[in-house]
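# Geometric and topological summary
This is what each chain is made of:
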Amino acid sequence: MSHARLFWIQLIYSYAGLFLVWIGPAYASDDSDVSTSWWAFRPLADFSEYNFPESSQNPVDFFINARLDEAGIPANEKADRRTLFRRLKYDLLGLPPTPEELKSFMEDPDPDAWSKWIDRFLASPHYGEKWGRHWLDVIRFGESRGFERNEIINNIWPFRDYVIESIQEDKPFDQFIREHLAGDVIGAGDPDQMIGSAFLVAGPYDDVGNQDPAQAAQIRANTLDEMIRTTTEAFLGLTVGCARCHDHKFDPIPAEDYYALYATFSGVRHGSRVLATPEEMERREQTLQPLIREKSELEKSRNAINEAALDRGLAKLSCYEKEWSRPPVQRTGVEEIFPTVEARWVKLVSQGRDDNPKARSGFRIDEFEIWSADPDPVNVSLSSHGSRAYGPSRNIEDFENAYSADLAIDGEIGAQFISASDYLKIELPEVTRINRVQFSSARGEMATQLYKFTFLSEYRIEVSLDGKNWTTVADSHDRQPVNEAHRNHRIQQAELSDEDREKLSEFNRSIAAVQDQINAVPDLPNVWWGSRNAKDAKGPFHVFVGGSPQRPGDPVTPSSLSALESCGAGYELAAGEEEGKRRLALAEWITDPRNPLTPRVLANRVWHYHFGTGIVSTPNDFGEMGSMPSHPELLDFLARYLQENNWSLKALHRLILNSETWQRSSEWNSVAAKIDGESRLLWRFPPRRLNAEEIRDTFLFVSGVLDNRQGGPGFRLYRYLQDNVATYWPLDEFGPETYRRSVYHQNARAARIDFLTDFDQPDCAFSAPRRLTTTTPLQALTTLNHSFTFDMAHALADRIQREVSVDNQPPGMRCGIEQAFRIAYQRDPSPDEMEACLIAVKAGDWNAFCRALLNSNELIYLD
């Protein structure tokens, strides 16, 4: 399964440090040529006195054209208006233009029309959805825990909405970063800011648990490592995680810096907790307190009756003990012998579970044997003899009958019946004389793990000839209790009088009524945004030699990266500093105006998403193993521009989108290509295929069925099944509830969603700073044959026939074909295309024609 594959990838990733421990100090030598003079660590260039030409030339074009002139490469002309408009809307909103929008732009004589449409699209709520998706890729946002259990997380979607809304409102990105790292500190009491710190726990999380202290410490170290790597790659573009086991081999990042961050995040734990204002919590508490007090008083009165009954019984304990002549129930096996009786049916009735005397369901049976009263007894309950077993069992959707009653009579030890009620019933093939039953939950080799196999503590055995009228032939009432709790429960039940039971019933009804009132009080939002553990954060903290928590080295305290000390923005905190203040100090250092990495990395990401490749083509690695910037001065200019414009992404968009560079055509020029085949110097606009979400959203949009509802719990393109591990089965049929934008899909780690996965949607187990673009036969087969494509083709055909008067005559067909082209391609068909389409429509139907449109390259490629 896909989640099993991810488990092994994560396991290798998590324990890679163990290899480094084994090969020893030789690997941790400190003779690497690492330097703080690397370009990325230098302060941003100062452009205050830069000699820009005195013209209206966009500064972006100044830097780009200078490199083109230097290389002797001719730049392409400006793209046509239709191409630019289509490019613009996809770039900002991830959706195609409507025919009406394109017509309005094409016919607008206003010289500022282009700028107005930029502003209009930036104001659209779809902007936050498109660019929020980019950021969610970078910060590895997913809605399952990953690793082998991979359980779904149903309450982290408020963080996704927070990202989309923050980007939509153009929240200053330095503030956005600070909220990611310390929103619960700087915005204490304000859920709109506190939710930002869910970033820390939005990654994969190994929740299997391990009883071995050394392994538990290793798992905890892996968890913090994931936070450190994501934080430093997303905000600083540095692979600080490479300093976990030794000093970074290529960048000036010593292991002490890594473990200073380890100390910073040490108090963060994954999990859910209430996210509400103090006032909301206070109001709820005031509503609940009177009800809780009332319930508590009723419970005290009820408990007094039970305690009095127990006290009476304990006073004559010796009398009860005389009645308990047989040994207690054992999970390894129970045998009941009774006078010979004829039976066709035998029933085991639970009256108490050995781990909870009040629970009657949930017990396990590995084998239930019924022995014939013959000189040579036979186990007549075996299914191989024709017997059948009945009884509700624990249900697992992805493993039918995994714990069914049949397992109690299969003659094999291992797989078990797990009850979902209080009985197990066996039907024999014929009426049989019997006198003995034997049953267990942990026989044979399973006896070495008794703690796992919950059993009965109290029971009775009944027999029947017709399956309707039952007679008890044995019970556990004369057995010794399995422990003190069961003893007390048994005595208490025996001592309660009829009057006591009537009073208890009255109290139970009253308690239930109050509980109903308590349940009616609305819950406060319970969100997966992590918890803070002061004990974890206490320390002391050390470098882990070779990455092993079992080999503590030199002590460390929370501090900034030493490589940037020359910028004057560093900090070092005392060992006992509060957990929240550590993260706040880190957040303020990362966003300090003197820190050159953060604005460079962010400006590069914006450039990357506009042009398909960043100025630095390795967005998460600005170190020596990353790529060199193609236009270093431009990168610094954009970083400065970002800071000077209050860290506004929208301001940066406007600068780039108004440049000649972005507006160039994507036409191929063989002369330019001989010098710069990949167009890294941007002599042309790099054409691209739409990404997975854009393709799916385009299908929905052009078909007229896109649900524009924003925010809230996501939808699923899979069926979720969960027991000990989670399983995600891709759906074969899709209802309107799935017709939302793909950013609202509840993306689970290692869950293959055929349409999205086939078009290279990354797995959210790791940060995805760049989307791969592959071309495979499976993509063509998926878009051609997927039920989603058929549904969208049908919807598009319906839309065309609603909007245009379509009949079986050529004029009506021509109108329908023209409308389809305008919807899908934002243009009219050529004469040749019209003739070909007419032939296709006449030969088949509109559904087939629309399916062909959805399978065309023009629909999913952007020039």
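Presented here is an overview of the structure given in this document. Only a predicted model underlies this, so the values are computations on that prediction, with no experimental measurement involved.

### Some words on the overall build of the protein
Counting secondary structure elements, the protein contains 31 helices and 18 strands. Over its C-alpha atoms, taken along the principal directions, the protein stretches across nearly 105 × 80 × 60 Å. Burial status across the protein gives 54% buried among its 863 residues. A separation threshold of at least 6 residues defines the contact pool for the protein, and within that pool the share at least 24 residues apart is 75%. Approximately 38,300 Å² of the protein is accessible, and the part contributed by carbon and sulfur atoms is 50%. Averaged over its 94 positive side-chain charges, the protein has a centre that lies 2 Å from the centre of its 130 negative ones.

### Some details on the pairing of strand β5 (residues 367–372)
Across the six residues that make up β5, a large majority, six, are buried. The side-chain alternation of β5 yields two buried faces, one formed by Glu367, Glu369 and Trp371 and the other by Phe368, Ile370 and Ser372. Taken together, the six bridges between β5 and strand β8 (residues 423–440) define a ladder with antiparallel strand orientation. When the bridges of β8 are listed, Ser372 appears paired with Ile434.

### Things to note about the pairing of β8
Looking at chain direction, strand β3 (residues 334–353) and β8 are connected through 12 bridges and run antiparallel. The residue of β8 that forms the bridge with Glu335 is Gln438. Bridge count for strand β6 (residues 388–390) against β8 is three bridges, and the pairing is antiparallel. When the sheet's bridge partners are listed, Ala389 is paired in β8 with Ile426.

### A few points about helix α15 (residues 484–495)
With 12 residues, α15 extends 16 Å between its outermost C-alpha atoms, agreeing within 8% with the 16 Å of an ideal straight helix rising 1.5 Å per residue. Taken as a whole, α15 has its buried residues at His486, Asn488, Arg490, Ile491, Gln492 and Glu495. Check the buried side of α15 and you find it contacts α13 (278–315), α14 (317–323), β3, β9 (456–464) and α16 (498–520). The N-cap residue of α15 is Asn483: its side-chain oxygen and the backbone nitrogen of Ala485 are 3.1 Å apart.

### Some remarks on helix α4 (residues 81–93)
The end-to-end C-alpha distance of α4, which contains 13 residues, comes to 18 Å, matching closely the 18 Å that a straight helix rising 1.5 Å per residue would cover. Taking burial as the measure, the 13 residues of α4 include 12 buried ones, the bulk of the element. Two to three positions downstream of the cap, the backbone nitrogen of Arg82 sits 3.1 Å from a side-chain oxygen, assigning the N-cap of α4 to Asp80. Following α4 by one or two positions, Gly94 has its phi on the positive side, about 75°.

### Examining the pattern of salt bridges
All told, the structure shown has 56 salt bridges when counted by the stated rule. With a closest N to O distance of 2.5 Å, Arg583 and Glu579 form a salt bridge. Here Arg583 pairs with Glu579, and both are found in helix α18 (residues 579–590), just four residues apart, close to one helical turn. Comparing Arg583 with Glu579, the two get one shared label, buried. Look at the salt bridges and you will find they share partners, linking Arg82, Arg827, Glu833 and Glu858 into a network.

### With respect to the nonpolar core
The biggest cluster of nonpolar side chains holds 168 residues, and the ones touching the most others in it are Trp135, Phe159, Leu181, Trp607, Leu638 and Phe849. Here the element with the most residues in this core is helix α19 (residues 597–611); it accounts for eight residues. Excluding residues within four positions of it along the chain, Phe159 makes contact with Ile139, Phe141, His180, Ile195, Gly196, Ala198 and Phe199.

### What about the environment of Gln330?
Looking at the secondary structure, you find Gln330 in the loop between α14 and β3. The exposure class assigned to Gln330 is partly exposed, which follows from its relative accessible area of 43%.

### Comments concerning the layout of surface pockets
Within this model, the second largest pocket holds a volume of roughly 460 Å³. Ala216, Arg220, Tyr262, Arg269 and Asp536 are, among the 24 residues lining the second largest pocket, the residues nearest its centre. Among the elements of the structure, α11 (213–236), α17 (534–537) and β13 (541–544) are those that each provide at least two residues to the lining of the second largest pocket. When grouped by side-chain class, the residues that make up the lining of the second largest pocket number 11 nonpolar, seven polar and six charged.

### Observations concerning the packing of aromatic side chains
Taken as a whole, this structure holds 48 aromatic pairs when the rule is applied. Ring geometry for Phe63 against Phe637: centres 5.7 Å apart, planes inclined by 45°, an arrangement best described as tilted. Taken together, the residues Phe63 in helix α3 (residues 59–71) and Phe637 in helix α20 (residues 632–644) connect sequence positions 574 residues apart. Its relative accessible area of 5% is what places Phe63 among the buried residues. Ring centres 5.2 Å apart and planes at 45° place the aromatic pair Tyr720 and Tyr728 in the tilted group. The class for Tyr720 is buried, based on a relative accessible area of 16%. Classification of Tyr728 by relative accessible area gives buried; the value is 9%. Among the aromatic residues, those joined into a cluster by ring pairs are Phe85, Phe105, Trp114, Trp117, Phe121, Trp607, Phe611, Trp662 and Phe685. Directly above the aromatic system of Phe199 lies the positively charged group of Arg140, at a separation of 5.2 Å from the ring centroid.

### Quick word on unusual backbone geometry
Omega for the peptide link from Gly539 to Pro540 comes to 0°, which places this bond in the cis form. Within the secondary structure layout, Pro540 lies in the loop between α17 and β13. Despite not being glycine, Arg140 has its phi angle at roughly 50°, a positive value. Along the chain, Arg140 falls in the loop between α7 (125–138) and α8 (157–168). The class of Arg140 is buried, set by a relative accessible area of 1%. We note that Gln826 has phi near 60°; this positive angle belongs to a residue other than glycine. On the secondary structure map, Gln826 appears in the loop between α28 (810–825) and α29 (831–843).

### Digging into the packing of α28 against α29
In contact at an axis separation of 10 Å, α28 and α29 are set at 115° when each is read in the N-to-C sense. In terms of orientation, α28 and α29 fall into the roughly perpendicular class. The interaxial crossing formed by α28 with α29 has right-handed handedness. Residues Pro810, Met813, Arg814, Ile817, Glu818 and Phe821 of α28 touch α29, and the partners they reach there are Glu833, Met834, Glu835, Cys837, Leu838, Val841 and Lys842. By residue class, the composition of the contact of α28 with α29 is eight nonpolar, no polar and five charged.

Calculation rules
Residues numbered from 1 in each chain as written. Predicted model: local features only at pLDDT ≥ 70, side-chain atom pairs only at ≥ 80, totals over all residues. Heavy atoms only, no water. Helix = DSSP H or I, 4+ residues; strand = E, 2+ residues; numbered from the N terminus. Buried < 20%, exposed > 50% of the residue type's maximum accessible area, 1.4 Å probe, protein only. Contact = heavy atoms within 4.5 Å. Areas by Shrake-Rupley, 256 points an atom, 1.4 Å probe, with all protein chains shown as cover. Lys, Arg positive; Asp, Glu negative; His and termini not counted. Charge placed at Lys NZ, Arg CZ, Asp CG, Glu CD. Pairing = 2+ DSSP bridges. Expected span 1.5 Å × (residues − 1). Polar contact = N/O pair within 3.5 Å; in protein donor to acceptor, adjacent residues only side chain to side chain. Salt bridge = Lys/Arg side-chain N within 4 Å of Asp/Glu carboxyl O. Core = buried A, V, L, I, M, F, W, Y, C linked by side-chain atoms within 4.5 Å. 1 Å grid on protein atoms, 1.4 Å probe; cavity = no way out; pocket = protein on both sides within 12 Å on 5 of 7 lines; lining within 4 Å. Points joined across faces, edges and corners; volume = space filled by probe spheres on them. Nonpolar A, V, L, I, M, F, W, Y, C, P; charged D, E, K, R; others polar. Phe/Tyr/Trp six-rings, centres within 6.5 Å; stacked < 30°, edge-to-face > 60°. Lys NZ or Arg CZ within 6 Å of the ring centre and 35° of its normal. Axes fitted to C-alpha atoms, helices over the stretch in contact; angles between N-to-C directions. Parallel < 35°, antiparallel > 145°, perpendicular 65-115°, else oblique. Left-handed = near helix turned anticlockwise from the far one by under 90°.

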